[in-house]
Amino acid sequence: QVELVESGGGSVQPGDSLRLSCAATSGRAFSTYDMGWFRQAPGKERDFVAAIDGSGSAIYYADSVKGRFTISRDNDKNLVYLEMNSLKFEDTAVYYCARKAQGGSYIYAGTYVYWGQGTQVTVSL
């Protein structure tokens with residue numbers, strides 16, 4: 001079965017940075033999978049954050065994180081990253097890594113078929 005494991009979350013102050021990692025059990029096929037990051041705050045829906053295609057040539061961001069977050073991947077290591085800079089209170093959420101199905105929208109959570117357990121990011125004073 002496919003397993004995705006997020007790490008790197010923590011508690012930081014506004015303006016700080018964090019780098020999240022997502023490790024996949026996928027082997028040589030990892031480079032064929034589109035991957036995404038979503039987040040869910042308490043009492044809120046799960047929202048799109050960023051996505052990247054298999055080769056890393058196509059990248060998408062939510063408007064709320066453009067210019068602050070960077071998604072990347074290392075296919076040799078089966079890893080996807082989310083570099084988060086200039087963090088704000090509203091970035092507080094559980095962040096999930098997910099593998100996308102073939103076709104469909106990059107920004108729609110229902111398009112993604114495998115999900116990690118999530119990692120908590122808390123931005124507070």
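Note: the structure precedes this text.
One structure accompanies this document, and this report is about it. (Residues numbered from 1 in each chain as written. Predicted model: local features only at pLDDT ≥ 70, side-chain atom pairs only at ≥ 80, totals over all residues. Heavy atoms only, no water.)

1. Section: the overall build of the protein chain
Then, in step 1: Across its full length, the protein chain carries 0 helices and 11 strands.
Then, in step 2: Helices (α) and strands (β) of the protein chain occur, in sequence order from the N terminus, as β-β-β-β-β-β-β-β-β-β-β.
Then, in step 3: Over its C-alpha trace the protein chain gives a radius of gyration of 13 Å, about what one expects of a compact globule, namely 14 Å for 125 residues.
Then, in step 4: The buried share among the 125 residues of the protein chain stands at 43%.
Then, in step 5: For the protein chain, long-range pairs separated by at least 24 residues make up 57% of all intrachain contacts whose partners lie at least 6 apart in sequence. (Helix = DSSP H or I, 4+ residues; strand = E, 2+ residues; numbered from the N terminus. Rg over C-alpha atoms; globule rule 2.2 N^0.38 Å. Buried < 20%, exposed > 50% of the residue type's maximum accessible area, 1.4 Å probe, protein only. Contact = heavy atoms within 4.5 Å.)

2. Regarding the packing of aromatic side chains
Then, in step 1: As enumerated under the stated definition, the model contains 6 aromatic pairs in all.
Then, in step 2: A centroid spacing of 4.9 Å and a plane angle of 75 degrees characterise the contact between phenylalanine 38 and tyrosine 112, whose relative ring orientation is edge-to-face. Taken as a pair, phenylalanine 38 in strand β4 (residues 35-40) and tyrosine 112 in strand β10 (residues 112-115) lie far apart in primary sequence, 74 residues in all. Tyrosine 112 matches phenylalanine 38 in its accessibility class, with the two residues each being buried. (Phe/Tyr/Trp six-rings, centres within 6.5 Å; stacked < 30°, edge-to-face > 60°.)

3. Thoughts on the sheet that holds strand β3 (residues 18-24)
Then, in step 1: An order of β1-β3-β8-β7 is seen for the 4 strands of this open sheet, with the pairing classed as antiparallel. Strands with a single pairing partner mark the edges of an open sheet, and in this sheet they are β1 (4-7) and β7 (69-74). Strand-to-strand, the axes of this sheet are offset by a mean angle of 15 degrees, without reference to chain direction.
Then, in step 2: Looking at chain direction, β7 and strand β8 (residues 79-84) are connected through 6 bridges and run antiparallel. In the sheet register, arginine 73 faces β8, and the bridge partner there is valine 80. (Pairing = 2+ DSSP bridges. Axes fitted to C-alpha atoms, helices over the stretch in contact; angles between N-to-C directions.)

4. What about the pattern of salt bridges?
Then, in step 1: Per the stated rule, a full pass over the model turns up 4 salt bridges.
Then, in step 2: Among the ionic pairs, arginine 39 bridges to aspartate 91, the shortest N-O distance being 2.9 Å. Within this pair, whereas arginine 39 is found in strand β4, its partner aspartate 91 is found in the loop between β8 and β9 (93-100), the two being separated by 52 residues in sequence.
Then, in step 3: You can call aspartate 91 buried: its relative accessible area is 0%.
Then, in step 4: Residue lysine 66 is joined to aspartate 63 by a salt bridge in which the shortest nitrogen-to-oxygen separation is 3.1 Å.
Then, in step 5: Assessed through its relative accessible area of 49%, lysine 66 is described here as partly exposed.
Then, in step 6: What emerges from the salt-bridge pattern is a single network uniting Arg39, Arg68 and Asp91. (Salt bridge = Lys/Arg side-chain N within 4 Å of Asp/Glu carboxyl O.)

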